[in-house]
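Secondary and tertiary structure notes
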Amino acid sequence: MSSCEEDFLEETPLDFFSAENSFVTSADFDASINNLYRLTRREFFDRDESHPFDYLYGTDLVFDGEPQQSANRHSPMRTAYDPSGRIAKDHWGLLYKIITESNTVIDRIPDSELAEEDQVVYKTKALFFRSLAYRTLVYLYGGVPLILNEIKQPKDDFVRASKEDVLRQVIEDLNEAATHLPLITEVTDGEIHNLAAYHLLSEVYLAAGEYQEAVDAASMVINHPATALMQDRFGTRATEIDKDVYWDLYRRNNQNRKSGNTEGIWVIQFETDVPGGNLLSTSRSGFVLERHHGPFVRDFRVNDQKPFSWPIGDYSGGRGIGWAISTRYFSNTIWESDFDNDMRNANHNFVRAFVSTNPNSSYYGQVVSTQDPALADKVPSRQLYAYQSKCTTPNNHPANVYADAQTFTLKGIGGSTYTDQYMFRLAETYLLRAEAYLGLTKTDQAAADINVVRSRANANPVAPQDVDIDYILDERMRELGVEEKRRLTLMRLGKLYDRIQKCNPYYRDMVDGMTETYNLWPIPASEIEANIGAVLEQNPGYN
């Protein structure tokens, strides 16, 4: 009988890791924080070739080059946004994984061996990642369950907090993070810091309708002496003629502060062939934006000829396969007033003129342009359309990706984008502050911030009376393009439906296309079904 005392059944971990003994030293907490970086990169960039692009498809930027083949590219939308489908379920699960790990770090700190100052740093790092996840969830789904502590026992009675309560918690956490995170000048490239928190805080204040607070947070970033828009040529390919500083921003090894870049606020690291990393030159991996956004020129024909060899790592789009086709609104309409002078629209930045690379074609060496009226029935199509070269690294892929480096011919493993990726960039901070000034009806100051960005691009200034939210969304298109997680911006503003109606006839007019229901994603059916202890309410319009 004595052997059945209750304390006999309690397990004391002495020679293996468990939750009870894994959060003691700084090395323990570093491992968990590093995993939060990994989970964040996985959610937004490299989980696979589909999930990261849920932030791009189904918006005003691009449409599906292989229609009705896969809900992975948000067509048909009824299938893509099924409550039982992968889009709603998988993002929900990974974002809550970030929250779960963050809560574990926060709750385990008091019982650790960390010095008091280290406790503050680790807590605020975890608060930042928890805020990032909740900000994303609340934009995508609306109000969601607000979990602020480690869950140690099974729980099946979650309820949704209001959108306002979630935003208020994110703001509270980000204010603490911005106050206590290390300074931007004290961290290594890729690490979060105080200005990254202020940038995100400005965005979330906008979502909450607190415009002066959004101005103040953005100003902390803009006015910091360590930040500035890049105005002059810089970095690894600065000596190449006929290019510009906007082009330099996206060249390999140019995104981080060590390159002299004072514009990158938070840069996600994608070192190639580094042990433990997942961007390899021996397989298609990492962020495969080139594969999605580069056109599939292999199958383009003019007069029964194929002008292009494929895949070539030049301005024809690398090993693109033409899934994410630019809308005409993105490739043409937004540039009409500054088509020839805005450097962001120069052919090396937004490619429209393609040089024929097939020596067996009579077009060899000639230019095939997406603007050629004779090709109006062929453009845009999966095979040829205007695209942003920031999705690829023209004439500068890693050596092992080339089948023939002399001709820039790529191996079949191509398709990745071999650069570090901006999560936050100072040009966006200016546009966030412009949006906040617009909310305060200070259109003169909104125009001034927009014109800082436009001036760098050699674009004509906008007049204060012409600034509205659609103008700012157009300017974000021009400046950020496929770099932006566009879905988050449009769903934060409740403008997804409106912008598709205006800018993207593919999703607007297709069978089972865009409806106002899709301004929010559905709560995953599996979460509702497992939550037997309480009602986890579904969003309106979903079964």
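Residues numbered from 1 in each chain as written. Predicted model: local features only at pLDDT ≥ 70, side-chain atom pairs only at ≥ 80, totals over all residues. Heavy atoms only, no water.

**Side note on helix 13 (residues 469-479)**
Within helix 13, 9 of the 11 residues are buried, leaving the element largely enclosed by the surrounding structure. Inspection of helix 13 places Tyr 471, Ile 472, Leu 473, Asp 474, Glu 475, Arg 476, Met 477, Arg 478 and Glu 479 among the buried residues, and these make up the whole buried set. Capping the start of helix 13, Asp 468 holds a side-chain oxygen 3.2 Å from the backbone nitrogen of Asp 470, two or three residues further along. In the segment just after helix 13, Gly 481 is the residue with positive phi, at about 50°. (Buried < 20%, exposed > 50% of the residue type's maximum accessible area, 1.4 Å probe, protein only. Helix = DSSP H or I, 4+ residues; strand = E, 2+ residues; numbered from the N terminus. Polar contact = N/O pair within 3.5 Å; in protein donor to acceptor, adjacent residues only side chain to side chain.)

**Quick word on the side chain of Glu 483**
With respect to the secondary-structure elements, Glu 483 resides in the loop between helix 13 and helix 14 (486-493). Look at Glu 483 and you get buried, because its relative accessible area is 13%. Reaching out from Glu 483, the side chain makes a polar contact with the side chain of Lys 390 at a distance of 3.0 Å. Dropping the residues within four chain positions of it, Glu 483 is found in contact with Tyr 250, Lys 390, Tyr 422 and Arg 425. (Contact = heavy atoms within 4.5 Å.)

**A short note on the pattern of salt bridges**
Under the definition given, this model contains 41 salt bridges. Two residues, Asp 64 and Arg 73, come together in a salt bridge whose shortest N-O distance is 2.8 Å. Since its relative accessible area comes to 2%, Asp 64 is described here as buried. The partner of Glu 479 in a salt bridge is Arg 344, and the shortest N-O contact between them spans 3.0 Å. (Salt bridge = Lys/Arg side-chain N within 4 Å of Asp/Glu carboxyl O.)

**Quick word on the packing of aromatic side chains**
The final tally for this structure, using the stated rule, is 29 aromatic pairs. Considering the side-chain rings of Phe 29 and Tyr 122, the 5.7 Å spacing of their centres and the 40° angle between planes classify their relative orientation as tilted. Here Phe 29 is found in helix 1 (residues 26-46), whereas its partner Tyr 122 is found in helix 4 (residues 116-141), with 93 residues between them in sequence. Like Tyr 122, Phe 29 is buried. (Phe/Tyr/Trp six-rings, centres within 6.5 Å; stacked < 30°, edge-to-face > 60°.)

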